[in-house]
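Topology and contacts: notes
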Amino acid sequence: DLQRMSYMLGVHGLSLSYEAGRDLLHLQVQSLLATAALSFLLVLCLLAAYQYLSYREYVGQLDAVTGIMGRKMFNRYCEDALRDMADLPAGSGWFLFVDVDYFKSINDTLGHPVGDLVLKRIAQTLTEIFAADGGIGRMGGDEFAVLLAGPMPKEELCGRMDAFLSAISAILDAPETVSCSIGACRFESPQELPSLYAQTDRLLYAAKRHGRACYIMGSLQGGELRLFDA
C-alpha cells in the first residue's frame, strides 16, 4: 500500500511529494476497481455458461419430435413425484399408458412426416387435457405416458379420456382416423415406479385385446391389480 511504499522509499533516502503520493493512491484505487470489475465479469461469464449448459441438458432430454418430456426426463419426474407423494398421509393418483393404434400403418401408407404430425398432435392434446394435473412424456415410438400425482374421481378421468379420444380422431382428414388404446391405473402411495409401469402395461394390452380405440381402467393396491367394471 501507499504507506509501505513511502516507508521503503524512505529507507533508501527517497521521499514522495504530496502530488506524487496522491497520484499513486489514485492508481491503486483504480487498479483495485479494475480487478473487482474483472472478477465480477468472470463470475457473470461462469454463471452464463452454467445456465447455457443446464439449458442444453434440459433441451436434450425433451423428445425431439413432440417437444414433451423424453423417457429419461419423464422417469425422473415420476420418481420425484412418487417420492413427494410418499410423504403425504394418504396419497393417490393415476398412471396412464397411451399407445397409438396401427401407427406403423400410418407411417407406411401416409409417410413419416404425417406420422410425426400425428405424434405431435397427440402430445399436444395430452398436454391440453392433463398437463394442469400432472406430467406427460413420450416413452418411445408411438407410446406416451401420463402421471397424475393427485386424486381424481374415476368419472372425471373417464370424461377427460373420452375428450382425448374424440379430439385425436380428427387429426387426419377423412376417411383416415387416429385412435389410441389406453391403460389407466389408479394407485395408492407409496408406490414403486417399476411396479406401476408393469401393471399399467397390463391394462394397456387389455385395451388392445378389447378392440383398441378404448381405455381399460384398474386399481393397484398392495401389489394387486383389480379391473374396474366397464
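Remember, predicted model here, so these are calculated numbers, not experimental data. (Residues numbered from 1 in each chain as written. Predicted model: local features only at pLDDT ≥ 70, side-chain atom pairs only at ≥ 80, totals over all residues. Heavy atoms only, no water.)

**Re the sheet that holds strand 4 (residues 180-188)**
Strands in a sheet are paired, the pairing made by backbone hydrogen bonds, and the direction either parallel or antiparallel. Counted only if it meets this: Note: two strands are recorded as paired if DSSP finds a minimum of 2 bridges between them. Secondary structure elements follow DSSP: runs of H or I of four or more residues count as helices, runs of E of two or more count as strands, with numbering from the N terminus. All axes here are fitted lines through C-alpha atoms, helices being fitted over the stretch that makes contact, and every angle between N-to-C directions spans 0 to 180 degrees.
Spatial ordering of the open sheet is given by 2-3-1-4-5-6, a layout of six strands whose pairing is mixed. On the outer flanks of this sheet lie strand 2 (135-140) and strand 6 (224-227), each paired with one strand and no other. Each adjacent strand pair in this sheet contributes to an overall mean axis angle of 20°, direction not counted. Across nine bridges, the pairing between strand 1 (residues 92-100) and strand 4 is antiparallel. Bridge assignment links Phe97 to a residue of strand 4, and that residue is Gly183.

**Here's the deal with the nonpolar core**
Under the convention used in this document: Within this scheme, the nonpolar core is defined by two criteria: the residues are buried Ala, Val, Leu, Ile, Met, Phe, Trp, Tyr or Cys, and they are joined through side-chain atoms within 4.5 Å. Accessibility here uses a 1.4 Å probe with only protein chains present; expressed as a share of the type maximum, an area under 20% marks a residue as buried, one over 50% as exposed, and anything in between as partly exposed. Note on contacts: a residue pair is in contact if any heavy atoms of the two residues lie within 4.5 Å.
Grouped together as the largest cluster of nonpolar side chains are 32 residues, with contacts concentrated most on Leu96, Ile122, Leu126, Phe130, Phe144, Leu157 and Phe164. For this core, the secondary structure elements donating two or more residues are strand 1, helix 4 (103-110), helix 5 (112-130), strand 3 (143-148), helix 6 (154-168) and strand 4. Here the element with the most residues in this core is helix 5; it accounts for seven residues. Each residue touching Phe130, except ones within four places of it in the same chain, is listed here: Leu96, Ile136, Val146, Leu148, Leu157, Arg160 and Met161.

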